[in-house]
Amino acid sequence: MKQGFALANQTTKSFYAVLGADPARAQRFAQAMEFFTSDAGYAMAHVVHAFDWSRLPSTATIVDLGGSTGDAAFALAAQYPGFDIVVQELPEVIAQARPREGLNVRFMAHDFFAEQPVRGAAVYLFRWILHNWPDKACVEILRSLVPALVTGARVLVMDFVMPPPGVLPNEVERKLRYVHTCLGGGIGDGY
């Protein structure tokens, strides 16, 4: 079954394959994701304050899988300058990323369906990632982490949980589902 993105774009390729073939479009998408964080509900403060990062060693390695051009990593690095933060993304996205001086964030090309190359990190962060994929793909993504995990490592998921249709008032549900679609929700269902 084709998803709305595939129908609207007359393609059988995934959203990310289409972005990968069009750097200008990929850049616009990255900027749109950054813009979402200007809303209080999507602010980077949630990344910084929703987990007790201070309980980790001051030089902990944090891996932000699918971290786009690094906005969440930069916010975290500003609060915890000793952390070694690795943003993993597809090569075409990494090509758009720009390091920020004074922040300990580095970029690594990686497909999160492949085995995790950063072993022994304290935290593996999935922010706005898993909602894009069907359950089968999410299991595969998470299994790719297993060889890299050490005792005490954490896998943090910061994502949307959509209520069943018809539970919320129509105007609220429409906005929520629209935002979810804009963030790529359901685009991987053809996986």
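Overview of the structure. Just so we're clear, the structure is a prediction, and the values are computed from it rather than from any experiment.

### Some details on the nonpolar core
Next up, step 1: Core analysis: the largest hydrophobic core is formed by 19 residues, its most contacted members being W53, L56, I62, F83, I85, V105 and V123.
Next up, step 2: Elements with a contribution of two residues or more to this core: α5 (71–79), β2 (84–89) and β4 (123–127).

### Quick word on the sheet that holds β4
By way of backbone hydrogen bonds, the strands of a sheet pair with one another, either parallel or antiparallel.
Next up, step 1: Judged by pairing direction, the sheet is parallel, and its five strands sit side by side in the order β3-β2-β1-β4-β5 without closing on themselves. The outermost strands of the open sheet, each flanked by one partner alone, are β3 (105–109) and β5 (154–158). Averaged over all pairs of adjacent strands, the angle between strand axes in this sheet comes to 20°, irrespective of strand direction.
Next up, step 2: When strand β1 (residues 61–65) meets β4, the two strands line up parallel, connected through four bridges.

### Examining the packing of aromatic side chains
Next up, step 1: Scanning the entire structure with this criterion turns up seven aromatic pairs.
Next up, step 2: Geometrically, the ring pair formed by F51 and W53 is edge-to-face, given 4.8 Å between the ring centres and 75° between the ring planes. W53 shares its class with F51; the two are buried.
Next up, step 3: Seen in terms of ring centroids, F112 and W133 are 6.3 Å apart; in terms of plane orientation they differ by 90°. Their pairing is edge-to-face. With F112 in the loop between β3 and β4 and W133 in the loop between β4 and α7 (135–143), this residue pair connects regions lying 21 residues apart in the sequence.

The rules behind each value
- Note that residues are indexed from 1 along each chain, following the sequence as it is written.
- Per-residue local features are limited, in this predicted model, to residues with pLDDT of at least 70; the limit for side-chain atom pairs, both in listing and counting, is 80 or more; totals at the level of whole chains, interfaces and linings are taken over all residues.
- The basis for every side-chain value is the complete set of non-hydrogen atoms in the structure, without hydrogens or water.
- Definition of nonpolar core: a set of buried residues of the types Ala, Val, Leu, Ile, Met, Phe, Trp, Tyr and Cys, connected through side-chain atoms within 4.5 Å.
- Only protein chains enter the accessibility calculation, which uses a 1.4 Å probe; a residue whose area is less than 20% of its type maximum is buried, one above 50% is exposed, and one in between is partly exposed.
- Starting at the N terminus, helices and strands are each numbered in turn, a helix being any DSSP run of H or I of at least four residues and a strand any DSSP run of E of at least two.
- The rule for pairing is simple: two strands pair if DSSP sees at least two bridges between them.
- The angle between two axes is taken between their N-to-C directions and runs from 0 to 180 degrees, where each axis is a line fitted to C-alpha atoms and a helix contributes only its stretch in contact.
- Aromatic rings from Phe, Tyr and Trp, taking only the six-membered ring of Trp, are treated as a pair when their centres fall within 6.5 Å; an angle between ring planes under 30 degrees marks them as stacked, one over 60 as edge-to-face, and anything in between as tilted.

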